[in-house]
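# A look at the structure
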Amino acid sequence: MRVVRALSLGLVFAAVLSLMPGVASAAEEWIIKQGGQSHSEQTVDVVGLLDVFGTMRIGVGGWYGMSLVPEGFIKPINDAFFLEVGAYLEHDRYSWGYAGYDCTVSWNRLSPLGGVRWNFYLTPEWTVFATSKLGYAIGFGDSESCSGPTGTYNASSGVNYSAFQFDGAAGAYWKMSDAWSLRLELSYIGPVVGASMKL
């Protein structure tokens, strides 16, 4: 399931990128080999996530980014290394059945996370990145609803949905103006779309 999910999301992501302005002429604007440039900046990103593969997941998130190594680690490459901290607030829902019963379990999680983001500046408009974060997901508001031959019942699921949380992702920024960029991301917890603002 994870392989199918990753391939499906990858195809959607590639299709979206191919339709964005500037992609067709990117080969004439490569700046990735212009190493040594400084990208000393701070950013605030606001994102939304939606995943319908398996567990349905919908949520919002916010990230603060600050450059730690503005000139990057690889001198011949135009890159930069960032600290990124923030949180996701998400609602999850999972449906299943047994012995004639149809059940739905739902829960909410607040996940403060912190980690790093590594940017690679391909063209003036396009920057790709990889990010890795770790934190703790705080579960709350869980419920279970089942209906079947003997009727319907609703109750707490009795499951603790709090746990350590890892999130890894690959994505891209598309520069819309000097201050604003579109953020597209394939995250471990689902596809993410949002906006990034330079401070």
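Because the structure is a prediction, the values reported are computed rather than measured.

## Notes on the overall build of the protein chain
Along its length, the protein chain carries one helix and nine strands. Across the 199 residues in the protein chain, those meeting the buried criterion constitute 38%. Within the protein chain, contacts between residues separated by at least 24 positions form 63% of all contacts whose residues are at least 6 apart in sequence. Summed over all atoms, the accessible surface of the protein chain reaches about 10400 Å², with 67% contributed by carbon and sulfur.

## A look at the nonpolar core
Counting seven residues, the largest nonpolar core consists of Val-47, Leu-49, Trp-63, Tyr-88, Leu-113, Ile-189 and Val-192. Filtering out sequence-adjacent residues up to four positions away, Val-192 remains in contact with Val-47, Gly-48, Leu-49, Tyr-88, Arg-183, Leu-184, Glu-185 and Ser-187.

## Quick word on the pattern of salt bridges
By the definition in use, this model includes 10 salt bridges. For Asp-92, the salt bridge is made with Arg-57, and the minimal N-O distance between the two is 3.2 Å. You can see Asp-92 sitting in strand β3 (residues 79-98) and its partner Arg-57 sitting in strand β2 (residues 56-69), a full 35 residues away along the chain. Across this residue pair, the class does not change: Asp-92 and Arg-57 are buried. Between Asp-178 and Lys-175 there is a salt bridge, with the nearest N and O atoms lying 3.7 Å from each other. Overall, Asp-178 belongs to the exposed group, its relative accessible area being 64%. It is possible to trace a salt-bridge network through shared partners that takes in Asp-45, Glu-84, Arg-117, Lys-133, Arg-183 and Glu-185.

## Considering the layout of surface pockets
When its volume is computed, the largest pocket comes out at roughly 350 Å³. Taken together, 23 residues form the lining of the largest pocket, with Glu-41, Tyr-121, Thr-127, Ser-181 and Lys-198 sitting closest to its centre. Of all elements in the fold, only β4 (101-121), β5 (126-148), β7 (163-175), β8 (180-187) and β9 (190-198) reach the threshold of two or more residues within the lining of the largest pocket. Looking at the lining of the largest pocket residue by residue, the class counts come to nine nonpolar, eight polar and six charged.

## Observations concerning the side chain of Thr-131
Mapping Thr-131 onto the fold places it in strand β5. Thr-131 gets classed as buried once you look at its relative accessible area, which sits at 5%. One polar contact links the side chain of Thr-131 to the main-chain carbonyl oxygen of Val-116, over a distance of 2.9 Å. With sequence-adjacent residues up to four places away left out, Thr-131 is seen in contact with Glu-84, Val-116, Arg-117, Asp-167, Gly-168, Ala-169 and Glu-185.

## Comments concerning a nonpolar patch on the surface
On the surface, Val-60, Leu-89, Leu-110, Tyr-136, Ile-138, Phe-140 and Phe-164 cluster together to form a nonpolar patch covering roughly 680 Å² of accessible area. Per-element accounting of the nonpolar patch gives the leading share, three residues, to β5. Relative to the helices and strands, Tyr-136 is located in strand β5. Of the residues examined, Tyr-136 reaches a relative accessible area of 36% and is grouped as partly exposed.

Reading guide: rules and limits
- Residues numbered from 1 in each chain as written.
- Predicted model: local features only at pLDDT ≥ 70, side-chain atom pairs only at ≥ 80, totals over all residues.
- Heavy atoms only, no water.
- Helix = DSSP H or I, 4+ residues; strand = E, 2+ residues; numbered from the N terminus.
- Buried < 20%, exposed > 50% of the residue type's maximum accessible area, 1.4 Å probe, protein only.
- Contact = heavy atoms within 4.5 Å.
- Areas by Shrake-Rupley, 256 points an atom, 1.4 Å probe, with all protein chains shown as cover.
- Core = buried A, V, L, I, M, F, W, Y, C linked by side-chain atoms within 4.5 Å.
- Salt bridge = Lys/Arg side-chain N within 4 Å of Asp/Glu carboxyl O.
- 1 Å grid on protein atoms, 1.4 Å probe; cavity = no way out; pocket = protein on both sides within 12 Å on 5 of 7 lines; lining within 4 Å.
- Points joined across faces, edges and corners; volume = space filled by probe spheres on them.
- Nonpolar A, V, L, I, M, F, W, Y, C, P; charged D, E, K, R; others polar.
- Polar contact = N/O pair within 3.5 Å; in protein donor to acceptor, adjacent residues only side chain to side chain.
- Patch = residues over 30% accessible without salt bridge, like charges linked within 9 Å, V, L, I, M, F, W, Y side chains within 5 Å.

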